[in-house]
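Reading the structure
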Amino acid sequence: MRRIFKDLIRVNPSHPCQSVVDFVVLMSRVPVYLLEVTMIKPTWLSLALLLAISVIAQAQVAQPYITSISPLGAKRGSIVTFTVDGFNLGGASEIVWNKPGITAKIKLNSELLREPPMRANPTSPLIIDKASKNRLTIEAAISPDIEPGFYFYRIRTPLGTTNLGRIAVGALPESKEREMNDSVAEAQALSLPTTVAGDLQKRGDNDYFKFQAKSGQQLVFEVIASMINSRLDSVLALMDDKGQILATNNDFDARRDSLLAYTFKRDGEYIIRLSDFERKGQTGLYGYHLNIGDFPYVTDVFPLGVKQGTASEVTVAGFNLGTDRAKVNASAGNEWGAVKILKLETARGQAFNNTRFALGHYPEFIERALNSTLANPQDITVPATINGRIFNDKSPVDEDFYRFKARKGQHLVLEVEAQRYGSPLDSVIEVLDIKGNQIPRLLVRCLLETQLTLNDRDSTSRGFRILSWNGIFANDYMLAGNELLQVEVLPKSPDEDISFKSFLGQRLTYEDTTAEAHAVNSSVYKVSLHPPGTNLPSNGLPLVTIYYRNDDGGPIYGKDSKLNFIAPEDGEYIVRIRDMRGMQGDRFAYRLSIHEPAADFVLFADPENPNVPQGGHLPVTITAYRNDGFDGEIKVTMLGLPPGYNAGESVIRPGQNSTVIVIGAANDAAASSPLRIQGTATINGRTITHQVNTEDRISIVSAAPPPELLVWTEPQRVTLEPGGQAWVTIKIKRERGFAGRVPFDVRNLPHGVIVKDVGLNGVMITEEEITQRFQLAAEMWVKPMEQPVFVVGRIETTSPQRSDFPASPFTLIIQSKDNKERALR
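Notes on the structure in this doc start here. Not measured: the values here are computed from a predicted model.

**Remarks on the overall build of the chain**
Helices and strands together make up the secondary structure of the chain, namely five helices and 67 strands. For 825 residues, the compact-globule estimate of 2.2 N^0.38 gives 28 Å, and the C-alpha radius of gyration of the chain, at 30 Å, lies within 12% of that figure. Overall, the C-alpha framework of the chain stretches about 90 × 85 × 55 Å when taken along its three principal axes. Per-residue burial over the chain gives 50% buried out of 825 residues. A separation threshold of at least 6 residues defines the contact pool for the chain, and within that pool the share at least 24 residues apart is 71%. Here the chain displays about 38,100 Å² of accessible surface, and carbon together with sulfur accounts for 51% of that area. Across the chain, the mean location of the 89 positive side-chain charges is 3 Å away from that of the 94 negative side-chain charges.

Written out as structure tokens, the structure is:
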């Protein structure tokens, strides 16, 4: 033991404390009986070990979190024992479910040996926090009357509630997978119908099951894995009794979970094999439910939606339905993006799976035949929702054309609903003139060129690493490939990305261009935007015309298209819709709505389950998705907090997408309550209110132990001139044995105000410090305003739930020089 420790010191002589930590990590792998046999004497070595252990014991407390549950679900009407693994679940007292029908009791709470901490990557810090590993044995009674589907839960602990978990509740008898069933010869026998609860336990694992089928019987094989947090990318293979493959399926509708149906030609024994596409497996991480039976299963409906407040009959397709028609009743409402989820009634009974329907606001029309050419478009009166399919059995490629009238300057929104409702269509839409020509929208002039460096970038990341940003400023437009972006924050060093305006971490594109992946060394241009037809002298760089076209609509819309069109003249126009990949089929359904802008907003909260320290505060970031150009003020309030909690109001200002609300808890706060956050705005003269959708997320405000970190800032009022700079000082006090470093976020800064020159680690107070300062800088174009700014310290832990500790907000005042001088007189 002494030699091991000396070797560690020799490896890392400049950081003996790190060597001690490494030694403790090493010692954690040594069996206790071996330590007893070695009989370490109370020398400087054992004292160092005790010192190291005491340092670790004083580390930060991780928020409670769950890592796995087994089994992944159960049959309704059953009593089942779940095993839940996680961290800091000591003293867990309750399982909170998102819907009634499940009652659960914690029968046993065991503490397990925790694996040695590991660095996330070679350059990241080694986080050694206070996080005991726990295993809960939970007995749950599932009502026989609840709907099959997914049920979400959190576990309440003395530290607050955990992250969100989920289980699948089914209606079929359950069969537990047993090992060994890794070959045709070892296939596990099943009685149908059934739900197999299984797990791929190691790399290369295959699970084989055998069953009896009758001639003419159609069986459905459905994998449930990704929706219950499994890593499995399933592949199904159906075989005869000799192991010959009859049918296979990997992904269904671009989802990782497989779906396979087969009509058997003869009586006999058959085999279904389940494996992972990448041949992966690990106990507890690659679990699944495999539903097998001749139950009714709906794969497609047409149309994909109905108008709100109406009853309609839809066409259905799938397996074992006995009919191709079903009825849908759509409740009335005014919610933008409203969705109805239901189980359709078929001739064979209620469908096994749920179907999602869009609920529309506009008159509904069905695509007519023969609208697949420019010469024969279907006439539409705006506003309208057209229900169609990209399908032509007489041609390898299909596209649909619709003709509508618009006035000069009229703003119309064209939006597609397809993949959000189960269609495989990857839509692209264009507005053409009556002759079928593309209509110019903008002329983009490239002003300077730089290149993407370091690595390739996908279509979602917030920023790029570029070679040079000389001559580029905040709010400048950039052209990368075919996507138009707007700069939000410039790099502060060559090791930082240039950041573009984004929504929930995904970069936004402008003028309805579509985000793309970009290869390293590809060109990126700073550009200026001009009306079509502008005569611009050549500068040796490209001139690019942007047309009225969209592939992906961006955040909220995913692969579905959305396009804003402003008619250049009175007249008739053509909209063309097709699949981006040139694919088609009778399942490629869509809803194309053409309407004037419907301004609205949707709110999101982070975190969704605030664990507020007693005697402390916790920040909650509220983000708004603004629909169809709405840019007004949104007043945000917290509703229904129980005694012992408090929260102020906040405002999402015009031109901004988020704000922060701080929840405070008294020293004796103990109760908990649902998190209810409401946004109020005036849109077109009407007061509109929306709440954060928290129903399935089990958003709960809970009390947590007193804070480990107290944060202050000074001054409390910071005045900035456009183009000016100002310093802010942070002070901290560590509590309850916490001794680690503290990184900081500065939240709710108005656009155009940045934190300057903070280095690779950002704003941070190291282990040896209790104070730090940072500099704010305002661009010249920032308008006068007053806005609260929140400095939030973060304690680093291994939990997926952040441990955030805010200072009281300071007021940022943007004031022109003339106004500042008048204020001083």
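**Overview of the nonpolar core**
The nonpolar side chains of a soluble globular protein tend to be buried, and buried together. Judged by nonpolar contacts, the single largest core of 29 residues is most densely connected at Ile-730, Phe-744, Val-753, Phe-774, Leu-776 and Leu-812. Broken down by secondary-structure element, the contributors of at least two residues to this core are β58 (709-714), β59 (717-720), β60 (725-734), β61 (742-747), β62 (753-756), β64 (771-778), β65 (785-795) and β67 (810-814). With sequence-adjacent residues up to four places away left out, Val-753 is seen in contact with Leu-720, Leu-776, Ala-777, Ala-778, Val-782, Leu-812 and Ile-814.

**What about the environment of Arg-441?**
Topologically, Arg-441 is positioned in strand β34 (residues 440-451). By relative accessible area, which is 12% here, Arg-441 ends up buried. The spacing of Arg-441 and Tyr-548 is 107 residues in sequence and 5.9 Å in space, taken between C-alpha atoms. Setting aside residues up to four positions removed in sequence, Arg-441 forms contacts with Glu-511, Asp-512, Pro-532, Ile-546, Tyr-547, Tyr-548, Leu-563 and Asn-564. A polar contact of 3.0 Å, which involves the side chain of Arg-441, links it to the side chain of Glu-511.

**So, the sheet that holds strand β17 (residues 259-263)**
Pairing is mixed in the open sheet, where five strands are placed in the order β10-β12-β19-β14-β17. With one partner strand each, in any of the chains shown, β10 (174-176) and β17 form the two edges of the open sheet. Across the sheet, the mean angle separating the axes of adjacent strands is 20° when strand polarity is ignored.

**Section: the pairing of β59**
Residues Val-718 and Leu-720 point to one face of β59 and are all buried, whereas Arg-717 and Thr-719, pointing to the other face, are not buried. In the sheet, β59 pairs with β67 via four bridges, with the strands oriented parallel. Its bridge partner lying in β67, Arg-717 is registered against Thr-811.

Each value, and the rule that gives it
Residues numbered from 1 in each chain as written. Predicted model: local features only at pLDDT ≥ 70, side-chain atom pairs only at ≥ 80, totals over all residues. Heavy atoms only, no water. Helix = DSSP H or I, 4+ residues; strand = E, 2+ residues; numbered from the N terminus. Rg over C-alpha atoms; globule rule 2.2 N^0.38 Å. Buried < 20%, exposed > 50% of the residue type's maximum accessible area, 1.4 Å probe, protein only. Contact = heavy atoms within 4.5 Å. Areas by Shrake-Rupley, 256 points an atom, 1.4 Å probe, with all protein chains shown as cover. Lys, Arg positive; Asp, Glu negative; His and termini not counted. Charge placed at Lys NZ, Arg CZ, Asp CG, Glu CD. Core = buried A, V, L, I, M, F, W, Y, C linked by side-chain atoms within 4.5 Å. Polar contact = N/O pair within 3.5 Å; in protein donor to acceptor, adjacent residues only side chain to side chain. Pairing = 2+ DSSP bridges. Axes fitted to C-alpha atoms, helices over the stretch in contact; angles between N-to-C directions.

Function-wise, these values are silent; they only describe arrangement.
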